[in-house]
Amino acid sequence: MDFETYYEIHRVAEYIREHGYARVALQFPDGLLKDSMKVLRALRRVLNPQVKFYVMADTTYGSCCVDEVGAAHVNAQCVVHYGHTCLSPTSTLPALFIFGKDQILAENCAKCLLDYGVKSSKPLLVLFGLEYAHAIPEIKEFLESGLLNSLGPLPALEISIADVSCSVMSPSGTQVNPGVLANNACSKCHREEKGQYYSIGGLSWKLPEGRIMEDYLIFWIGLENQAFANAVLTFNSSEIVRYDATEDRLEFDLSSQKRILKRRYYLIEKVKDACMIGILVGTLGAAGYLHTIHMMRDLIESTGKKSYTFVMGKPNPSKLANFPECDAFVHVSCAQTALLDSKDFLAPVITPFEAMIALDRGRQWTGAYALDFRDLMNSVSSLTINKHEEARFSFIKGGYVEDLNPQGEDAAATCEANGDPVLALVDASNRSLLMRNNGASSALISKTEAKSGAEYLARRSYQGLDINGASSLPGNFLTGRSGKASGYRDEKTET
(Lines give C-alpha, C1' and ligand atoms only; values in the text may rest on other atoms or scores of the structure.)
Protein backbone atom coordinates (compact mmCIF):
# COMPACT_ATOMS: atom_id res chain seq x y z
CA MET A 1 0.00 0.00 0.00
CA ASP A 2 1.46 3.33 -1.05
CA PHE A 3 2.09 6.20 1.33
CA GLU A 4 -0.67 8.57 0.14
CA THR A 5 -3.28 5.82 0.31
CA TYR A 6 -2.34 4.80 3.85
CA TYR A 7 -2.57 8.37 5.15
CA GLU A 8 -5.48 9.35 2.87
CA ILE A 9 -3.77 12.53 1.67
CA HIS A 10 -6.44 13.45 -0.88
CA ARG A 11 -9.29 12.90 1.59
CA VAL A 12 -7.60 15.15 4.18
CA ALA A 13 -6.96 17.81 1.54
CA GLU A 14 -10.58 17.71 0.39
CA TYR A 15 -11.80 18.04 4.00
CA ILE A 16 -9.59 21.11 4.61
CA ARG A 17 -10.50 22.66 1.26
CA GLU A 18 -14.24 22.07 1.71
CA HIS A 19 -14.37 23.80 5.13
CA GLY A 20 -11.89 26.54 4.26
CA TYR A 21 -9.57 25.93 7.21
CA ALA A 22 -6.39 28.04 7.25
CA ARG A 23 -4.77 26.71 10.46
CA VAL A 24 -4.70 22.93 10.79
CA ALA A 25 -3.13 20.82 13.56
CA LEU A 26 -1.82 17.37 12.60
CA GLN A 27 -1.72 15.02 15.59
CA PHE A 28 0.52 11.94 15.39
CA PRO A 29 1.16 9.20 17.96
CA ASP A 30 4.75 8.32 18.77
CA GLY A 31 4.76 5.36 16.40
CA LEU A 32 3.79 7.45 13.36
CA LEU A 33 5.79 10.58 14.15
CA LYS A 34 8.55 9.47 11.78
CA ASP A 35 6.14 9.99 8.85
CA SER A 36 4.88 13.40 9.95
CA MET A 37 7.12 15.45 7.67
CA LYS A 38 6.26 13.29 4.65
CA VAL A 39 2.56 13.80 5.35
CA LEU A 40 3.13 17.54 5.76
CA ARG A 41 4.97 17.84 2.43
CA ALA A 42 2.32 15.76 0.66
CA LEU A 43 -0.47 18.02 1.95
CA ARG A 44 1.38 21.17 0.97
CA ARG A 45 1.70 19.90 -2.61
CA VAL A 46 -2.08 19.63 -3.06
CA LEU A 47 -3.29 22.57 -0.93
CA ASN A 48 -3.04 26.32 -0.98
CA PRO A 49 0.33 27.54 0.34
CA GLN A 50 -1.49 29.90 2.70
CA VAL A 51 -2.77 26.97 4.77
CA LYS A 52 -0.58 26.62 7.86
CA PHE A 53 0.07 23.22 9.42
CA TYR A 54 1.22 22.43 12.95
CA VAL A 55 2.52 18.98 13.86
CA MET A 56 1.58 17.91 17.40
CA ALA A 57 3.42 15.13 19.22
CA ASP A 58 3.95 14.03 22.81
CA THR A 59 0.41 14.93 23.78
CA THR A 60 -0.39 15.92 27.34
CA TYR A 61 -2.79 13.02 27.80
CA GLY A 62 -3.43 9.84 25.83
CA SER A 63 -2.57 9.92 22.13
CA CYS A 64 -5.91 8.26 21.31
CA CYS A 65 -7.79 11.47 22.27
CA VAL A 66 -7.81 14.70 20.29
CA ASP A 67 -5.36 17.11 21.92
CA GLU A 68 -7.56 20.19 21.94
CA VAL A 69 -5.33 21.93 24.48
CA GLY A 70 -2.27 21.67 22.24
CA ALA A 71 -4.27 22.75 19.21
CA ALA A 72 -5.59 25.79 21.09
CA HIS A 73 -2.01 26.96 21.72
CA VAL A 74 -1.57 27.54 17.97
CA ASN A 75 -5.16 28.72 17.40
CA ALA A 76 -5.88 25.76 15.12
CA GLN A 77 -9.28 25.64 13.45
CA CYS A 78 -9.40 21.83 13.27
CA VAL A 79 -7.38 18.75 14.15
CA VAL A 80 -6.47 15.87 11.85
CA HIS A 81 -5.89 12.87 14.12
CA TYR A 82 -3.75 10.01 12.78
CA GLY A 83 -3.47 6.47 14.10
CA HIS A 84 -5.32 4.63 16.84
CA THR A 85 -8.15 6.58 18.45
CA CYS A 86 -10.88 6.11 21.03
CA LEU A 87 -13.23 8.45 19.11
CA SER A 88 -14.17 10.39 22.23
CA PRO A 89 -16.36 13.40 21.31
CA THR A 90 -14.51 16.70 21.15
CA SER A 91 -15.47 19.78 23.16
CA THR A 92 -14.32 22.78 21.13
CA LEU A 93 -12.70 21.78 17.83
CA PRO A 94 -13.80 19.71 14.82
CA ALA A 95 -11.64 16.69 14.05
CA LEU A 96 -10.97 14.36 11.14
CA PHE A 97 -9.79 10.86 12.01
CA ILE A 98 -7.41 8.89 9.81
CA PHE A 99 -7.37 5.39 11.24
CA GLY A 100 -4.64 4.02 9.01
CA LYS A 101 -4.84 0.86 6.95
CA ASP A 102 -2.91 -1.96 8.55
CA GLN A 103 -2.29 -5.05 6.47
CA ILE A 104 -4.66 -7.98 6.85
CA LEU A 105 -5.41 -11.08 4.80
CA ALA A 106 -9.15 -10.56 4.35
CA GLU A 107 -9.66 -13.96 2.74
CA ASN A 108 -7.96 -15.84 5.56
CA CYS A 109 -9.82 -13.77 8.16
CA ALA A 110 -13.18 -14.59 6.57
CA LYS A 111 -12.24 -18.27 6.39
CA CYS A 112 -11.34 -18.37 10.10
CA LEU A 113 -14.60 -16.60 10.91
CA LEU A 114 -16.68 -19.08 8.92
CA ASP A 115 -14.85 -22.13 10.25
CA TYR A 116 -15.30 -21.04 13.84
CA GLY A 117 -18.89 -19.99 13.24
CA VAL A 118 -19.79 -23.43 11.93
CA LYS A 119 -18.40 -25.06 15.08
CA SER A 120 -20.25 -22.67 17.38
CA SER A 121 -23.98 -22.79 17.94
CA LYS A 122 -24.20 -19.08 18.73
CA PRO A 123 -24.69 -16.19 16.31
CA LEU A 124 -21.56 -14.17 15.58
CA LEU A 125 -20.92 -10.49 16.24
CA VAL A 126 -17.84 -9.13 14.46
CA LEU A 127 -15.99 -6.28 16.17
CA PHE A 128 -12.66 -4.90 14.98
CA GLY A 129 -9.91 -2.42 15.60
CA LEU A 130 -10.36 0.81 13.66
CA GLU A 131 -7.06 0.25 11.85
CA TYR A 132 -8.76 -2.65 10.03
CA ALA A 133 -11.96 -0.80 9.14
CA HIS A 134 -10.78 -0.46 5.53
CA ALA A 135 -10.82 -4.26 5.10
CA ILE A 136 -14.34 -4.87 6.45
CA PRO A 137 -16.10 -4.40 3.05
CA GLU A 138 -13.74 -6.95 1.49
CA ILE A 139 -14.33 -9.41 4.35
CA LYS A 140 -18.08 -8.96 3.86
CA GLU A 141 -17.73 -9.86 0.19
CA PHE A 142 -15.96 -13.11 1.02
CA LEU A 143 -18.59 -13.97 3.59
CA GLU A 144 -21.53 -13.22 1.29
CA SER A 145 -20.17 -14.84 -1.85
CA GLY A 146 -19.37 -18.18 -0.23
CA LEU A 147 -16.22 -18.57 -2.33
CA LEU A 148 -14.33 -19.92 0.64
CA ASN A 149 -16.56 -22.96 1.08
CA SER A 150 -15.50 -25.74 -1.26
CA LEU A 151 -17.75 -28.40 0.30
CA GLY A 152 -21.08 -26.99 -0.81
CA PRO A 153 -23.45 -24.34 0.55
CA LEU A 154 -22.66 -22.84 3.92
CA PRO A 155 -24.89 -23.71 6.88
CA ALA A 156 -27.21 -20.98 8.08
CA LEU A 157 -25.05 -18.57 10.06
CA GLU A 158 -26.22 -15.39 11.72
CA ILE A 159 -23.38 -12.89 11.40
CA SER A 160 -23.63 -9.25 12.49
CA ILE A 161 -20.82 -6.79 11.74
CA ALA A 162 -20.42 -3.51 13.58
CA ASP A 163 -20.14 -0.17 11.78
CA VAL A 164 -17.70 2.65 12.45
CA SER A 165 -19.60 5.34 14.33
CA CYS A 166 -17.88 8.31 12.67
CA SER A 167 -14.73 9.49 10.99
CA VAL A 168 -15.45 13.24 11.12
CA MET A 169 -16.53 14.86 14.37
CA SER A 170 -17.73 18.32 15.26
CA PRO A 171 -17.78 19.76 18.81
CA SER A 172 -21.56 20.14 18.70
CA GLY A 173 -21.90 16.37 18.79
CA THR A 174 -22.86 15.95 15.14
CA GLN A 175 -21.09 12.93 13.71
CA VAL A 176 -20.81 12.11 10.03
CA ASN A 177 -19.34 9.05 8.44
CA PRO A 178 -18.60 9.46 4.74
CA GLY A 179 -17.72 6.29 2.90
CA VAL A 180 -17.76 3.92 5.87
CA LEU A 181 -21.31 2.62 5.79
CA ALA A 182 -21.86 0.69 2.61
CA ASN A 183 -25.51 1.59 2.25
CA ASN A 184 -26.83 4.66 4.04
CA ALA A 185 -30.42 4.04 2.99
CA CYS A 186 -30.31 0.51 4.31
CA SER A 187 -28.76 1.74 7.55
CA LYS A 188 -31.56 4.26 8.02
CA CYS A 189 -34.08 1.50 7.45
CA HIS A 190 -32.48 -0.62 10.15
CA ARG A 191 -32.57 2.26 12.62
CA GLU A 192 -36.31 2.45 12.30
CA GLU A 193 -36.65 -1.15 13.45
CA LYS A 194 -36.96 -2.11 17.08
CA GLY A 195 -33.87 -3.39 18.82
CA GLN A 196 -31.08 -2.61 21.24
CA TYR A 197 -28.19 -0.37 20.16
CA TYR A 198 -24.66 -0.80 21.47
CA SER A 199 -21.45 1.16 20.97
CA ILE A 200 -17.87 0.81 22.13
CA GLY A 201 -14.54 2.20 20.98
CA GLY A 202 -15.94 3.99 17.94
CA LEU A 203 -18.05 1.00 16.82
CA SER A 204 -21.85 0.75 16.89
CA TRP A 205 -24.31 -2.02 16.12
CA LYS A 206 -27.90 -3.05 16.71
CA LEU A 207 -29.19 -6.36 18.03
CA PRO A 208 -32.64 -7.67 17.06
CA GLU A 209 -35.45 -7.32 19.55
CA GLY A 210 -35.28 -9.97 22.24
CA ARG A 211 -31.53 -10.56 21.85
CA ILE A 212 -28.82 -9.61 24.35
CA MET A 213 -25.04 -9.57 24.11
CA GLU A 214 -24.70 -12.84 26.04
CA ASP A 215 -26.45 -14.62 23.17
CA TYR A 216 -23.63 -13.76 20.75
CA LEU A 217 -20.10 -14.97 20.25
CA ILE A 218 -17.83 -11.94 19.75
CA PHE A 219 -15.27 -12.31 16.97
CA TRP A 220 -12.64 -9.57 17.40
CA ILE A 221 -10.38 -8.63 14.49
CA GLY A 222 -7.30 -6.78 15.67
CA LEU A 223 -4.46 -6.53 18.12
CA GLU A 224 -4.44 -7.22 21.85
CA ASN A 225 -4.48 -3.56 22.83
CA GLN A 226 -6.54 -1.23 25.02
CA ALA A 227 -9.49 -1.33 22.62
CA PHE A 228 -9.63 -5.12 22.89
CA ALA A 229 -9.28 -5.01 26.69
CA ASN A 230 -12.15 -2.52 26.79
CA ALA A 231 -14.36 -4.95 24.84
CA VAL A 232 -13.39 -7.92 27.03
CA LEU A 233 -14.13 -6.06 30.27
CA THR A 234 -17.36 -4.49 29.03
CA PHE A 235 -18.77 -7.75 27.62
CA ASN A 236 -17.22 -10.06 30.20
CA SER A 237 -20.23 -12.40 30.11
CA SER A 238 -19.87 -13.10 26.39
CA GLU A 239 -17.64 -15.65 24.70
CA ILE A 240 -14.85 -13.87 22.81
CA VAL A 241 -12.29 -15.06 20.27
CA ARG A 242 -9.65 -12.85 18.64
CA TYR A 243 -8.21 -13.01 15.15
CA ASP A 244 -4.60 -11.79 15.19
CA ALA A 245 -4.06 -10.17 11.79
CA THR A 246 -0.28 -9.98 12.18
CA GLU A 247 0.05 -13.69 12.98
CA ASP A 248 -2.92 -14.79 10.84
CA ARG A 249 -4.40 -17.05 13.52
CA LEU A 250 -7.10 -17.25 16.17
CA GLU A 251 -6.37 -16.55 19.83
CA PHE A 252 -8.56 -18.07 22.54
CA ASP A 253 -6.58 -17.31 25.72
CA LEU A 254 -8.18 -14.37 27.51
CA SER A 255 -6.89 -15.21 30.98
CA SER A 256 -4.86 -12.00 31.29
CA GLN A 257 -7.92 -9.84 30.59
CA LYS A 258 -10.09 -11.88 32.95
CA ARG A 259 -7.55 -11.40 35.74
CA ILE A 260 -7.86 -7.65 35.28
CA LEU A 261 -11.53 -7.84 36.24
CA LYS A 262 -10.71 -9.69 39.47
CA ARG A 263 -8.13 -7.09 40.42
CA ARG A 264 -10.57 -4.26 39.72
CA TYR A 265 -12.99 -5.75 42.23
CA TYR A 266 -10.17 -5.90 44.81
CA LEU A 267 -9.41 -2.21 44.22
CA ILE A 268 -13.08 -1.34 44.70
CA GLU A 269 -13.00 -2.97 48.14
CA LYS A 270 -9.89 -0.97 49.07
CA VAL A 271 -11.50 2.31 48.05
CA LYS A 272 -14.44 1.62 50.36
CA ASP A 273 -12.06 2.07 53.30
CA ALA A 274 -10.40 5.18 51.88
CA CYS A 275 -10.75 8.49 53.74
CA MET A 276 -9.25 10.97 51.27
CA ILE A 277 -9.70 10.44 47.53
CA GLY A 278 -7.98 12.34 44.75
CA ILE A 279 -9.69 13.01 41.41
CA LEU A 280 -7.21 12.71 38.53
CA VAL A 281 -8.21 14.74 35.49
CA GLY A 282 -6.88 12.64 32.62
CA THR A 283 -8.47 14.59 29.75
CA LEU A 284 -9.31 18.18 28.93
CA GLY A 285 -10.89 17.53 25.55
CA ALA A 286 -13.39 14.70 25.85
CA ALA A 287 -16.91 16.07 26.01
CA GLY A 288 -18.54 15.68 29.41
CA TYR A 289 -15.37 15.45 31.50
CA LEU A 290 -16.29 18.50 33.62
CA HIS A 291 -19.69 17.04 34.44
CA THR A 292 -18.03 13.78 35.49
CA ILE A 293 -15.55 15.60 37.74
CA HIS A 294 -18.35 17.45 39.52
CA MET A 295 -20.31 14.22 39.80
CA MET A 296 -17.35 12.42 41.42
CA ARG A 297 -16.74 15.33 43.79
CA ASP A 298 -20.35 15.35 44.95
CA LEU A 299 -20.33 11.58 45.33
CA ILE A 300 -17.19 11.59 47.49
CA GLU A 301 -18.36 14.45 49.71
CA SER A 302 -21.81 12.90 50.16
CA THR A 303 -20.21 9.83 51.72
CA GLY A 304 -18.28 11.91 54.26
CA LYS A 305 -14.90 11.61 52.56
CA LYS A 306 -12.53 14.37 51.51
CA SER A 307 -11.74 14.94 47.82
CA TYR A 308 -8.92 16.76 46.05
CA THR A 309 -8.69 17.43 42.30
CA PHE A 310 -5.44 17.05 40.35
CA VAL A 311 -4.90 18.01 36.71
CA MET A 312 -2.14 15.64 35.70
CA GLY A 313 -0.98 14.44 32.31
CA LYS A 314 0.04 10.77 32.01
CA PRO A 315 -0.02 9.81 35.71
CA ASN A 316 2.76 7.55 36.93
CA PRO A 317 3.78 6.19 40.37
CA SER A 318 6.36 8.94 40.89
CA LYS A 319 3.84 11.74 40.33
CA LEU A 320 1.17 10.25 42.58
CA ALA A 321 3.72 9.48 45.30
CA ASN A 322 3.90 13.24 45.93
CA PHE A 323 0.42 13.03 47.47
CA PRO A 324 0.69 10.29 50.14
CA GLU A 325 -2.28 11.70 52.04
CA CYS A 326 -4.65 10.38 49.33
CA ASP A 327 -5.78 6.84 50.03
CA ALA A 328 -7.15 6.35 46.49
CA PHE A 329 -7.53 8.14 43.17
CA VAL A 330 -10.38 8.31 40.63
CA HIS A 331 -9.07 8.64 37.08
CA VAL A 332 -11.42 10.63 34.82
CA SER A 333 -10.23 9.79 31.34
CA CYS A 334 -11.36 8.22 28.08
CA ALA A 335 -12.33 4.57 28.04
CA GLN A 336 -9.03 3.34 26.58
CA THR A 337 -6.74 5.17 29.02
CA ALA A 338 -8.85 4.93 32.17
CA LEU A 339 -7.29 1.68 33.37
CA LEU A 340 -3.91 2.11 35.06
CA ASP A 341 -1.80 -0.73 36.37
CA SER A 342 -2.20 0.04 40.05
CA LYS A 343 0.36 -2.57 41.15
CA ASP A 344 3.09 0.04 40.85
CA PHE A 345 1.09 2.77 42.58
CA LEU A 346 1.06 3.38 46.32
CA ALA A 347 -2.71 3.93 46.28
CA PRO A 348 -5.47 2.36 44.13
CA VAL A 349 -6.39 4.16 40.90
CA ILE A 350 -9.96 3.39 39.84
CA THR A 351 -12.43 4.52 37.20
CA PRO A 352 -15.59 6.62 37.79
CA PHE A 353 -17.74 3.51 37.35
CA GLU A 354 -15.77 1.70 40.05
CA ALA A 355 -16.03 4.75 42.30
CA MET A 356 -19.81 4.69 42.06
CA ILE A 357 -19.85 1.04 43.11
CA ALA A 358 -17.42 1.61 45.97
CA LEU A 359 -19.05 4.75 47.40
CA ASP A 360 -22.73 4.08 46.80
CA ARG A 361 -23.74 1.63 49.52
CA GLY A 362 -27.04 0.97 47.84
CA ARG A 363 -25.36 -0.41 44.74
CA GLN A 364 -24.03 -3.93 44.16
CA TRP A 365 -21.71 -5.05 41.39
CA THR A 366 -23.66 -7.42 39.16
CA GLY A 367 -20.72 -8.10 36.82
CA ALA A 368 -21.63 -5.32 34.40
CA TYR A 369 -18.72 -3.03 33.62
CA ALA A 370 -18.35 0.38 31.94
CA LEU A 371 -15.17 2.28 31.12
CA ASP A 372 -16.68 5.26 29.31
CA PHE A 373 -17.64 7.92 31.85
CA ARG A 374 -20.35 9.19 29.48
CA ASP A 375 -22.29 6.00 30.21
CA LEU A 376 -22.59 7.12 33.85
CA MET A 377 -24.16 10.52 33.25
CA ASN A 378 -27.68 9.14 33.07
CA SER A 379 -27.26 7.12 36.27
CA VAL A 380 -26.62 10.04 38.61
CA SER A 381 -30.25 10.29 39.59
CA SER A 382 -30.25 6.64 40.63
CA LEU A 383 -27.64 7.14 43.34
CA THR A 384 -28.88 6.13 46.76
CA ILE A 385 -26.52 7.96 49.07
CA ASN A 386 -28.14 7.48 52.45
CA LYS A 387 -26.81 7.66 55.97
CA HIS A 388 -26.56 3.99 56.91
CA GLU A 389 -26.58 3.43 60.63
CA GLU A 390 -25.59 -0.23 60.33
CA ALA A 391 -21.94 -1.17 59.99
CA ARG A 392 -20.55 -2.68 56.80
CA PHE A 393 -18.06 -5.53 56.57
CA SER A 394 -14.64 -4.60 55.24
CA PHE A 395 -12.96 -7.42 53.32
CA ILE A 396 -9.65 -5.54 53.52
CA LYS A 397 -9.68 -4.95 57.30
CA GLY A 398 -11.43 -8.20 58.07
CA GLY A 399 -14.07 -6.68 60.33
CA TYR A 400 -17.08 -4.40 60.53
CA VAL A 401 -16.66 -0.70 59.81
CA GLU A 402 -19.14 2.04 60.59
CA ASP A 403 -18.92 5.27 58.61
CA LEU A 404 -19.81 8.38 60.57
CA ASN A 405 -20.89 11.72 59.17
CA PRO A 406 -18.12 14.32 59.60
CA GLN A 407 -20.60 17.15 59.24
CA GLY A 408 -22.58 15.96 62.24
CA GLU A 409 -23.58 17.87 65.35
CA ASP A 410 -20.45 16.90 67.27
CA ALA A 411 -18.10 18.36 64.67
CA ALA A 412 -20.18 21.51 64.38
CA ALA A 413 -20.23 21.97 68.14
CA THR A 414 -16.47 21.54 68.37
CA CYS A 415 -15.80 24.10 65.65
CA GLU A 416 -18.17 26.60 67.23
CA ALA A 417 -16.64 26.17 70.65
CA ASN A 418 -13.06 26.64 69.51
CA GLY A 419 -13.79 29.57 67.23
CA ASP A 420 -10.60 28.86 65.26
CA PRO A 421 -11.14 28.88 61.48
CA VAL A 422 -8.12 26.58 60.92
CA LEU A 423 -9.43 24.01 63.38
CA ALA A 424 -12.89 24.41 61.91
CA LEU A 425 -11.50 23.48 58.49
CA VAL A 426 -9.69 20.48 59.92
CA ASP A 427 -12.67 19.32 61.95
CA ALA A 428 -14.97 19.67 58.96
CA SER A 429 -12.67 17.34 57.02
CA ASN A 430 -12.32 14.65 59.67
CA ARG A 431 -14.26 11.45 59.75
CA SER A 432 -14.19 8.48 62.09
CA LEU A 433 -14.25 4.77 61.48
CA LEU A 434 -15.42 2.44 64.23
CA MET A 435 -14.21 -1.11 63.67
CA ARG A 436 -16.04 -3.79 65.59
CA ASN A 437 -14.48 -7.13 66.26
CA ASN A 438 -16.93 -9.56 64.73
CA GLY A 439 -15.90 -12.51 66.86
CA ALA A 440 -15.59 -10.92 70.26
CA SER A 441 -18.66 -10.95 72.44
CA SER A 442 -17.45 -7.84 74.22
CA ALA A 443 -17.74 -5.87 70.94
CA LEU A 444 -14.21 -4.46 71.11
CA ILE A 445 -14.14 -1.13 69.27
CA SER A 446 -11.02 0.56 67.92
CA LYS A 447 -11.09 4.04 66.45
CA THR A 448 -9.00 5.51 63.66
CA GLU A 449 -9.02 9.15 62.65
CA ALA A 450 -9.26 10.17 59.00
CA LYS A 451 -7.26 13.34 58.37
CA SER A 452 -7.61 16.13 55.86
CA GLY A 453 -4.75 17.30 53.71
CA ALA A 454 -4.11 20.24 56.06
CA GLU A 455 -3.85 18.04 59.12
CA TYR A 456 -1.74 15.50 57.28
CA LEU A 457 0.73 18.25 56.36
CA ALA A 458 0.75 19.59 59.91
CA ARG A 459 1.86 16.22 61.28
CA ARG A 460 4.63 15.64 58.75
CA SER A 461 8.20 15.97 60.00
CA TYR A 462 9.22 17.96 56.91
CA GLN A 463 6.87 20.65 55.66
CA GLY A 464 9.08 22.45 53.17
CA LEU A 465 11.06 25.66 53.53
CA ASP A 466 10.17 27.93 56.44
CA ILE A 467 9.36 31.30 54.87
CA ASN A 468 7.89 32.78 58.06
CA GLY A 469 10.94 32.79 60.31
CA ALA A 470 11.16 34.71 63.57
CA SER A 471 13.82 37.08 62.26
CA SER A 472 13.20 39.41 59.33
CA LEU A 473 16.91 40.17 58.85
CA PRO A 474 18.64 38.63 55.84
CA GLY A 475 20.92 35.74 56.52
CA ASN A 476 24.69 35.66 56.03
CA PHE A 477 26.16 34.53 52.74
CA LEU A 478 28.04 31.27 52.99
CA THR A 479 30.60 29.94 50.57
CA GLY A 480 29.56 26.56 49.28
CA ARG A 481 31.63 23.65 48.12
CA SER A 482 33.61 23.78 44.90
CA GLY A 483 34.98 21.09 42.67
CA LYS A 484 33.58 17.78 41.50
CA ALA A 485 31.11 15.61 43.40
CA SER A 486 33.57 12.74 43.35
CA GLY A 487 36.00 14.85 45.33
CA TYR A 488 35.41 18.40 46.53
CA ARG A 489 38.35 20.70 47.12
CA ASP A 490 37.81 20.89 50.88
CA GLU A 491 37.83 17.09 51.19
CA LYS A 492 41.02 15.27 52.01
CA THR A 493 42.15 12.68 49.52
CA GLU A 494 43.83 9.51 50.65
CA THR A 495 47.33 9.03 49.34
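In case you missed it, the structure is sitting above this.
Residues numbered from 1 in each chain as written. Predicted model: local features only at pLDDT ≥ 70, side-chain atom pairs only at ≥ 80, totals over all residues. Heavy atoms only, no water.

J.: Sorry if this is basic, but what is going on with helix 12 (residues 352-359) here?
T.: Residues lying three or four places apart along an α-helix face the same way, a consequence of the helix completing one turn every 3.6 residues. When you tally the buried positions in helix 12, you get 8 out of 8 residues, the bulk of the element. Of all the residues in helix 12, the buried ones are Pro 352, Phe 353, Glu 354, Ala 355, Met 356, Ile 357, Ala 358 and Leu 359. Looking at the packing, one finds that the buried side of helix 12 touches helix 9 (255-272), strand 15 (276-281), helix 10 (289-302), strand 17 (328-332) and strand 18 (349-350). (Buried < 20%, exposed > 50% of the residue type's maximum accessible area, 1.4 Å probe, protein only. Helix = DSSP H or I, 4+ residues; strand = E, 2+ residues; numbered from the N terminus. Contact = heavy atoms within 4.5 Å.)

J.: Would you mind showing me how to read the sheet that holds strand 12 (residues 217-221) here?
T.: Sheet strands associate in pairs through backbone hydrogen bonding, adopting either a parallel or an antiparallel arrangement. A sheet is described by the order of its strands in space; here 5 strands give the open sequence 6-5-12-13-14, paired in mixed fashion. The outermost strands of the open sheet, each flanked by one partner alone, are strand 6 (159-161) and strand 14 (249-251). With direction set aside, neighbouring strand axes in the sheet form an average angle of 25°. Bridge count between strand 12 and strand 13 (residues 239-244): 5 bridges; the pairing is parallel. (Pairing = 2+ DSSP bridges. Axes fitted to C-alpha atoms, helices over the stretch in contact; angles between N-to-C directions.)

J.: Can you walk me through the pattern of salt bridges in this structure?
T.: All told, the structure shown has 11 salt bridges when counted by the stated rule. Here Arg 211 and Glu 158 are joined by a salt bridge, their closest N and O atoms 3.3 Å apart. Of this pair, Arg 211 sits in the loop between strand 11 (203-208) and strand 12 while Glu 158 sits in the loop between helix 6 (136-145) and strand 6; the two residues are 53 residues apart in sequence, bridging distant segments of the chain. Its relative accessible area of 29% is what places Arg 211 among the partly exposed residues. With relative accessibility at 32%, the residue Glu 158 sits in the partly exposed group. (Salt bridge = Lys/Arg side-chain N within 4 Å of Asp/Glu carboxyl O.)

J.: Could you clarify how one ought to interpret the packing of helix 10 against helix 12 in this entry?
T.: For any two helices packed against each other, one specifies the inter-axial angle together with the distance between the axes. Two numbers describe how helix 10 lies on helix 12: the axes approach to 11 Å, and their chain directions differ by 20°. Relative to helix 12, the element helix 10 lies roughly parallel. For the pair helix 10 and helix 12, the crossing hand works out as left-handed. The residues of helix 12 that touch helix 10, namely those facing Thr 292, Met 296, Leu 299 and Ile 300, are Pro 352, Ala 355, Met 356 and Leu 359. Split into classes, the residues belonging to the contact of helix 10 with helix 12 amount to 7 nonpolar, 1 polar and no charged. (Parallel < 35°, antiparallel > 145°, perpendicular 65-115°, else oblique. Left-handed = near helix turned anticlockwise from the far one by under 90°. Nonpolar A, V, L, I, M, F, W, Y, C, P; charged D, E, K, R; others polar.)

J.: It is not clear to me how the sheet that holds strand 18 should be interpreted in this structure. Could you clarify?
T.: On the basis of which strands lie adjacent, the open sheet formed by 4 strands has the order 16-15-17-18 and parallel pairing. Both edges of this open sheet fall to strand 16 (306-311) and strand 18, since each of them pairs with a single strand only. Helix-sheet contacts for helix 12 involve strand 15, strand 17 and strand 18, and the interaxial angle to strand 17 is about 135°.

J.: Explain the side chain of Glu 354 here, please?
T.: Relative to the helices and strands, Glu 354 is located in helix 12. Overall, Glu 354 belongs to the buried group, its relative accessible area being 0%. Of note is the side chain of Glu 354, whose polar atom sits 2.9 Å from the backbone nitrogen of Thr 351. (Polar contact = N/O pair within 3.5 Å; in protein donor to acceptor, adjacent residues only side chain to side chain.)

J.: Teacher, can you tell me more about the packing of aromatic side chains here?
T.: Geometrically, a pair of aromatic rings is defined through the distance of the ring centres and the angle of the planes. Counting across every chain of the model gives 13 aromatic pairs. What links up through ring pairs into an aromatic cluster is the set Phe 3, Tyr 6, Tyr 7, Phe 28 and Tyr 82. Its end group placed over the ring of Phe 228, Arg 242 keeps NZ or CZ at 5.7 Å from the ring centre. (Phe/Tyr/Trp six-rings, centres within 6.5 Å; stacked < 30°, edge-to-face > 60°. Lys NZ or Arg CZ within 6 Å of the ring centre and 35° of its normal.)

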